[in-house]
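Residue-level structure breakdown
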Amino acid sequence: MGHKIWANSGDSHFLERDDLYASILPPELAERMPRAVKDPDGDWETVYLDGESFRRRMPRPEQLDFYEASVRAPGAGDVALRLQDLDHEGIWGELVFPSLGMWNASIKDPVLLREGVKASNDWALAEIQHASPRFVVAAQLPMRLVDDAVDELQRLVRAGGKAVFLPTSPPTEDDYNRDSWEPLWEAAEAAGMVIAFHIGTDPVDLLSGQLVGVTYRGPGGAVLNHTETTFSGQRAVMKMVASGALDRHPRLRVLVSEGGASWVPFLGDRMDEAYRQHGSMVRPKLSRSPKEILYDQVYASFQHDASAASALTANGYRNVMWGSDYPHLEGTYGHTQETLHTLFDDLDEADRHRITVGSFLDLFPDVGEPPALVPT
């Protein structure tokens, strides 16, 4: 490969230790927060959540080298080792999502959610973001009540937060196209806080352990369910565009992590067609076209997609962002440089920089530029 390509990552995760909630919350709350217990043989795990539980089979992919690398990444739950992993892989800065916290949309008790999220955010900012300027924590919000979400966002601003993680569907009767969320969008814009959606974070049916609405069975089920999760991020931003939320708040920036990037031009074309051809029925009227709003305010991260760069080079969508998804199975840990060279060796240097570095720095400029290209 000849040289190392350095990149920032718009998607990664930290594996919280098993006793995290027991160490930061009162016992009566800690025992109801998310935790996962694997069977001794590793084939199944039991997920405990808000007084309920469900069982799910663990993945056993054919590409065991990738699998073993991801589940055994030294820095998955250790900040010091994580920096060593990032240096080895050629990743400079990264947005860090929680792991246990990805379940928070399924917590039904608003008090439990509010207190659990607050404690978890304090821990994540202190132990991860404050450990190195290369880390940006995607903090959690308690999304059962909009007032709780706004209060926590404003508290995070005072604590140095830069991004908040939202589930792709809210755990409420009011979806993201409803005016009831307006106080949250207003607060996020005023604070310069990035809204970060991560795919696959819809509420979970605690009886089946499946994301609500994702229940494919039979031939192709694994591929269907995995692919289906990508659509939830598209739906989230589509609601924010069509409802006028982003148009009313033009300084608000939204990131959809791990959902690819080539969907943005298509979605923009489709929404423009609807806005134009069905104009007599469109409410509200927007000051810009849906596609302009998407291209301006929405960012999208991908890890392996060969089609992602063409969203920029062929379709003019400049907010394409690479992400490693460290340390997950779908991620690039163990083969990051191979992935980056395969995707970007034939790309114009300016376009490569935009995807690997520039888009990330639009949202998180304090992380700074990674080192220049250095010999491998």
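This section reports on the structure supplied with the text. (Residues numbered from 1 in each chain as written. Predicted model: local features only at pLDDT ≥ 70, side-chain atom pairs only at ≥ 80, totals over all residues. Heavy atoms only, no water.)

**Describing the sheet that holds strand 8 (residues 163-166)**
Pairing is parallel across the open sheet formed by eight strands, whose spatial order is 2-6-7-8-9-12-13-14. Because the sheet does not close on itself, it has two edges, and the strands there are strand 2 (7-13) and strand 14 (320-322). Shown here is a sheet whose adjacent strand axes are inclined to one another by a mean of 25 degrees, direction ignored. Alignment of strand 9 (residues 194-198) against strand 12 (residues 254-257), held across four bridges, turns out to be parallel. Bridge assignment links Phe 197 to a residue of strand 12, and that residue is Val 256. Where helix 11 (residues 290-297) meets the sheet, its contacts fall on strand 12 and strand 13 (298-302), and the angle it forms with strand 13 comes to roughly 60 degrees. (Pairing = 2+ DSSP bridges. Helix = DSSP H or I, 4+ residues; strand = E, 2+ residues; numbered from the N terminus. Axes fitted to C-alpha atoms, helices over the stretch in contact; angles between N-to-C directions. Contact = heavy atoms within 4.5 Å.)

**Quick look at the packing of aromatic side chains**
All chains considered together, the criterion is met by ten aromatic pairs. With centroids separated by 5.4 Å and ring planes inclined at 80 degrees, the aromatic side chains of Tyr 326 and Tyr 333 adopt a geometry described as edge-to-face. For Tyr 333, a relative accessible area of 15% puts it in the buried group. Linked through ring pairs, Tyr 176, Trp 181, Trp 185 and Phe 197 together constitute an aromatic cluster. One residue, Arg 35, lies across the ring of Tyr 48, its end atom 4.2 Å from the ring centre. Lying across the ring of Trp 92, Arg 134 places its NZ or CZ 4.2 Å from the centre. (Phe/Tyr/Trp six-rings, centres within 6.5 Å; stacked < 30°, edge-to-face > 60°. Buried < 20%, exposed > 50% of the residue type's maximum accessible area, 1.4 Å probe, protein only. Lys NZ or Arg CZ within 6 Å of the ring centre and 35° of its normal.)

**A closer look at the pairing of strand 12**
Every second residue of strand 12 is oriented toward a common face, with Val 254 and Val 256 on one face and Leu 255 and Ser 257 on the other, all of them buried. Both strand 12 and strand 13 contribute to a ladder of three bridges, which runs parallel. Its bridge partner lying in strand 13, Val 254 is registered against Val 298.

**Concerning helix 4 (residues 79-89)**
Residues of helix 4 that are buried include every one of Val 79, Arg 82, Asp 85, Leu 86 and Glu 89, and no others. The buried residues of helix 4 occupy an angular sector of 105 degrees when the element is viewed end-on, so they sit on one face. Turned more than 90 degrees away from the buried face of helix 4 sit Ala 80, Gln 84 and His 88, all of them exposed. Where helix 4 is buried, its residues touch strand 2, strand 6 (91-97), helix 5 (110-127), strand 7 (135-140) and helix 13 (336-344). Residue Asp 78 occupies the N-cap position of helix 4, its side-chain oxygen lying 3.0 Å from the main-chain nitrogen of Ala 80. Immediately beyond the C-terminal end of helix 4, within one or two residues, lies Gly 90, with a positive phi of roughly 90 degrees. (Arc of directions from axis to C-beta. Polar contact = N/O pair within 3.5 Å; in protein donor to acceptor, adjacent residues only side chain to side chain.)

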